[in-house]
Amino acid sequence: MSLKDELIKKAETQLEEWEKQADSLKAKAKAKEAEAENEKASADIQQSTSDALRSVENKISDGRKKLDELKQSGEDNIDSLRERLSDLIGPDNKG
């Protein structure tokens, strides 16, 4: 497996994890909202969850862009892409 393929696999795995996190936040928001007894509590819960969900969705969007960039790159650009992808795939020990 080439370095590019390994980076793509890591990026795809991280995106899947963030998508699961987003789904979990959505489910928690629905459950908490159903439990909320008044509108103020519901609004606070929804705002907090909405902020967290927006953050995860932004990560997913950014990650998808970086993954597309990686998929379209040539092997000669991998080192520079690996640095820019570090927030998505984590540090790489292949140095």
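Residues numbered from 1 in each chain as written. Predicted model: local features only at pLDDT ≥ 70, side-chain atom pairs only at ≥ 80, totals over all residues. Heavy atoms only, no water.

K.L.:
Whenever I open this one, the nonpolar core confuses me. Can you help?
P.N.:
What tends to happen in soluble globular proteins is that the nonpolar side chains get buried as a cluster. One finds L70 and L88 to be the most contacted residues of the largest nonpolar core, which totals 17 residues. At seven residues, helix α1 (residues 3–35) tops the list of elements feeding residues into this core. Contact partners of L88, with chain neighbours within four places excluded, come to A11, Q14, L15, W18, G63 and K66. (Core = buried A, V, L, I, M, F, W, Y, C linked by side-chain atoms within 4.5 Å. Buried < 20%, exposed > 50% of the residue type's maximum accessible area, 1.4 Å probe, protein only. Helix = DSSP H or I, 4+ residues; strand = E, 2+ residues; numbered from the N terminus. Contact = heavy atoms within 4.5 Å.)

K.L.:
Would you mind showing me how to read the pattern of salt bridges here?
P.N.:
Once the charged atoms of two side chains with opposite charge are near each other, the side chains can pair. Counting across every chain of the model gives four salt bridges. Notably, a salt bridge pairs E19 with R64, separated by 1.9 Å at the nearest N-O pair. Of this pair, E19 sits in helix α1 while R64 is found in helix α2 (residues 39–72), placing the two residues 45 residues apart along the sequence. Accessibility expressed as a relative area gives 41% for R64, which makes it partly exposed. The residue R54 makes a salt bridge to D51 at a minimum N-O spacing of 2.8 Å. Taken together, the residues span about one helical turn, with R54 and D51 both in helix α2 at a distance of three residues. Residue classification places R54 among the partly exposed positions, given a relative accessible area of 41%. (Salt bridge = Lys/Arg side-chain N within 4 Å of Asp/Glu carboxyl O.)

All we've got here are geometric facts, nothing functional implied.
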